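# A look at the structure
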Protein chains: 2
Amino acid sequence: MSLNNTIGLAVNEPGGSLESLTYELGALGVNEVIIDVDYCGICHSDLSMVDNQWGITQYPLVPGHEVIGKIATVGDGVKHFSPGDSVGLGWHCGYCNECSCCKSGHQNLCAVARPTIVGHHGGFADKVKADANSVVVIPEGIDLKSAGPLMCAGVTVFNPIVQFGVAPTDRVAVIGIGGLGHLAVQFLSAWGCEVTAFTSSETKKTEALSFGAHHTLNSRDPEAIEQAANSFDYLISTVNVKLDWNLYLNSLKPRGTMVFVGATLDPLDLGGMPLIMGQRSIAGSTVGSPAIMDQMLQFAGRHQIRPLIEQFPMSKANEAMEHVRTGKPKYRVVLANN
Amino acid sequence: MSLNNTIGLAVNEPGGSLESLTYELGALGVNEVIIDVDYCGICHSDLSMVDNQWGITQYPLVPGHEVIGKIATVGDGVKHFSPGDSVGLGWHCGYCNECSCCKSGHQNLCAVARPTIVGHHGGFADKVKADANSVVVIPEGIDLKSAGPLMCAGVTVFNPIVQFGVAPTDRVAVIGIGGLGHLAVQFLSAWGCEVTAFTSSETKKTEALSFGAHHTLNSRDPEAIEQAANSFDYLISTVNVKLDWNLYLNSLKPRGTMVFVGATLDPLDLGGMPLIMGQRSIAGSTVGSPAIMDQMLQFAGRHQIRPLIEQFPMSKANEAMEHVRTGKPKYRVVLANN
């Protein structure tokens, strides 16, 4: 029992199916906790990891990094969690706590931060282990069933709002209304911004308005985007496909910033002159620190921001993964234990 | 006399030589001033304009937008200048004063700001006319003979230091030690930063250290740049040629910013992932507002920051222009009247 046996769902080869796996979480470190998993969201990066798309997968892989659950056990050094506390765990399950990123509260940028599903078994399981300081409290007002996607998708779109200084007076456009985008629109609308949703889907246009967008623009209509020249203080791109970035860049006001949160492997063949002449910026952002996750959850609770999810039982995880692969979920999928 | 005749040096066709031209500055507007030109720096963009490289040149073109002189005449509405005041004029000689950029103190980003040498005769002349609010006072401590290049090159490298929040605790690298770079190193060193100069010239290495750089790196040594991974909070690129930007991007720390102030017409084929994973930014900056020019001049005066110049008499302007064309000046060329 001291090695904390658990049962999870593991993939054993690139593109493989999830199969039941019993494994030991290992001895509990002094600053670690074990979480009883209640819910776990499915993120596109779980698929990328299953397929070893980034070349960093270690098999057997237990995916899942949008964990909602309850503290089961705490290490001797952990003072701020007690068994039964409602908590969440996202992309990282530990940090070095010593580098300048960690010391300055940017643990998500720590070069040796430990991803929850790289060389570590994730949340498609009964239990998951993590460093206590990577785990966050789920505050009042958050619906636990749908909260999982906040832990990765949510903080991914919330972080740039904080890091790049989006103001409630700003005009902000979100490119792509999917798992990330539907949360970005909700956050920005609650933040007080004038929000535009770029989407090519008629259905999503209507839905974007229901999430709080004030305007929509067709992301496949170059003329419409051209007419929006000098319109936005910020653009947040959640897509993982190549678009005509120079066209979007021109839709930024002078001093505007375009932030990429969607992983784009193609080079961004941007013109330098629109950056220079308009004092514009292009930036990137990845997940968020524990402090930002706390802020994000408190803000979401206060403003009733909630991922739209489709729930599957953990026993139907393979089916759920296939559903995510089709890109059709509205807007995220969550696996539920029991 | 009411139309204010003056004599300048004009180019009449792309790539042409400077020839004497007598012209009228026109009636003096209520908020305008006329400046008696004492000195005028030569900037690479004067050459670009002579050659109509940007397709916006109107001939006859009187170049010159790094003007140092004395107020000759002020319009009836001008209260803060008097004849005889030492002043400077840079890239812009007027703004709309009504747009949100102007109203928020970012006049240099005004879409209809009037460049001093586009459809307007510049500083290679006895006199030049400008809106009073585009003209700045030259404070005590500034050497007038060498001050011209501060008006364009100087503010071009000073502006990003302010706009992008460079802190005295930051490590900053300057790419290219030329007219812009030799001023960037001086400003950043006086700002309190740890400064690295990227240059491929052995002579310039030594000179960069004399300008206040703490370190130098060979800009043509990919291995050296690779070894500098995660080193800099800011990179300021002053070059107008294409480098391996991804290599430089990797030399930024997490949350670092690379600012382009040199005009690069080639696309910046940057990878998105180094931006995203390190929460890095790429930005541009162009000249600066009158308020920033004031700050820059006061800072330069307080810290004995001075462009290194070679002086030519206005009568040898063609020779001086050819010297700039060779790229050999150390580090800027200034024309002197009388």
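All figures in this text were calculated on a predicted structure; none of them were measured in a lab.

How each quantity is defined
Here the residue index of a chain counts from 1 through its sequence in written order. As a convention, the first chain written is A and the first ligand written is 1, with the rest following in written order. The predicted origin of the model limits local features to residues at a pLDDT of at least 70 and limits the giving and counting of side-chain atom pairs to 80 or more, whereas totals for whole chains, interfaces and linings rest on all residues. Only hydrogens and water are removed before side-chain values are computed, so all heavy atoms of the structure are retained for them. Residue ranges labeled as domains rest on an automatic or database domain assignment. Whether two residues are in contact is decided by their heavy atoms: any pair within 4.5 Å suffices. Note on terms: buried area is the combined drop in 1.4 Å-probe accessible area of two parts once they are placed together, counting the loss on both. Throughout this description, the term salt bridge denotes a Lys or Arg side-chain nitrogen within 4 Å of a carboxyl oxygen of Asp or Glu. A pair of strands counts as paired when DSSP detects no fewer than two bridges linking them. Here a helix means four or more residues in a row that DSSP labels H or I, a strand means two or more in a row labelled E, and each is numbered from the N terminus. Inter-axis angles, ranging from 0 to 180 degrees, are taken between N-to-C directions of lines fitted to C-alpha atoms, where helices are fitted over the stretch in contact. Think of it in three bands: with a 1.4 Å probe and only protein chains considered, a residue is buried below 20% of the maximum accessible area for its type, exposed above 50%, and partly exposed in between. We call two N or O atoms a polar contact when they sit within 3.5 Å, provided that within protein one can donate a hydrogen and the other can accept it, with sequence-adjacent residues counted only if both atoms are side-chain atoms. For this classification, Asp, Glu, Lys and Arg are treated as charged, while Ala, Val, Leu, Ile, Met, Phe, Trp, Tyr, Cys and Pro are nonpolar and the rest, including Gly, are polar. Along the chain, pLDDT gives the predictor's confidence residue by residue, from 0 to 100. Least-squares superposition aligns the copies on the C-alpha atoms of those residues with pLDDT at or above 70 in both.

For an interface, size is often stated in terms of accessible area lost upon the parts coming together. Residues and elements named next belong to chain A. The domain boundaries assigned to chain A delineate domain 1 (2-152 + 304-336) and domain 2 (154-284). Once you take the C-alpha centre of each, domain 1 and domain 2 turn out to be 28 Å apart. On the domain 2 side, the residues contacting the 14 residues of domain 1 number 17 residues. When domain 1 packs against domain 2, close to 1300 Å² is buried across both sides, 58% of that on carbon and sulfur atoms. On the domain 1 side of the interface with domain 2, the three residues burying the most area are C152, I305 and Y331, jointly 46% of the side's total. Taken together, the connections running from domain 1 to domain 2 amount to one salt bridge.

So, on to the sheet that holds strand β14 (residues 252-260) of chain A. Strands pair in a sheet through their backbones, by hydrogen bonds, and they do so in one of two ways: parallel or antiparallel. In spatial order, the strands read β12(A)-β11(A)-β10(A)-β13(A)-β14(A)-β16(A)-β16(B)-β14(B)-β13(B)-β10(B)-β11(B)-β12(B); together these twelve strands make up an open sheet with mixed pairing. Pairing within the sheet leaves two strands with one partner each, and these edge strands are β12 (215-218) of chain A together with β12 (215-218) of chain B. Averaged over all neighbouring strand pairs, the angle between strand axes comes to 20°, with direction disregarded. Examined bridge by bridge, strand β10 (residues 171-175) of chain A and strand β13 (residues 232-237) of chain A share four bridges and lie parallel to one another. Bridging from a neighbouring strand, V174(A) pairs with I236(A) of β13(A).

Within the fold, D131(A) resides in strand β8 (residues 127-131). If sequence neighbours within four positions are ignored, D131(A) has contacts with N31(A), E32(A), C93(A), G94(A), Y95(A) and R114(A).

Each α-helix winds once per 3.6 residues, and so residues spaced three or four apart point in a common direction. With respect to burial, helix α5 (residues 181-191) of chain A is a largely interior element, eight of its eleven residues being buried. Along α5(A), the positions that sit buried rather than exposed are G181(A), H182(A), L183(A), A184(A), V185(A), Q186(A), F187(A) and L188(A).

Contacts between chain A and chain B engage 33 residues on the former and 33 residues on the latter. The largest share of the area that chain A buries against chain B comes from L109(A), I276(A) and Q279(A), three residues that together contribute 24% of it. Run the count over chain A and chain B and you get zero salt bridges. Where chain A meets chain B, there are eleven residue pairs in polar contact (both at pLDDT 80 or more). Here the element with the most residues in the side of chain A that touches chain B is helix α9 (residues 272-277) of chain A; it accounts for five residues. Taken together, the residues of the side of chain A that touches chain B sort by class into 16 nonpolar, 13 polar and four charged.

With that out of the way, let us pick up the confidence of the model for chain A. Per-residue pLDDT for chain A averages 96, and the proportion of residues at 70 or more is 99%. Here the prediction assigns the complex a pTM of 0.95, and the interface score ipTM is 0.94.

Looking now at the relation of the copies chain A and chain B. Relative to chain B, chain A is turned by 180° and slid 0.0 Å along the rotation axis, the superposed coordinates differing by an RMSD of 0.0 Å. Read as a symmetry element, the transformation amounts to a two-fold axis. Rotation axis and chain A: the residue whose C-alpha lies nearest the axis is D269(A), separated from it by 2.2 Å. Both copies present the same face, since 100% of the interface residues in chain A are matched by interface residues at the equivalent positions in chain B.

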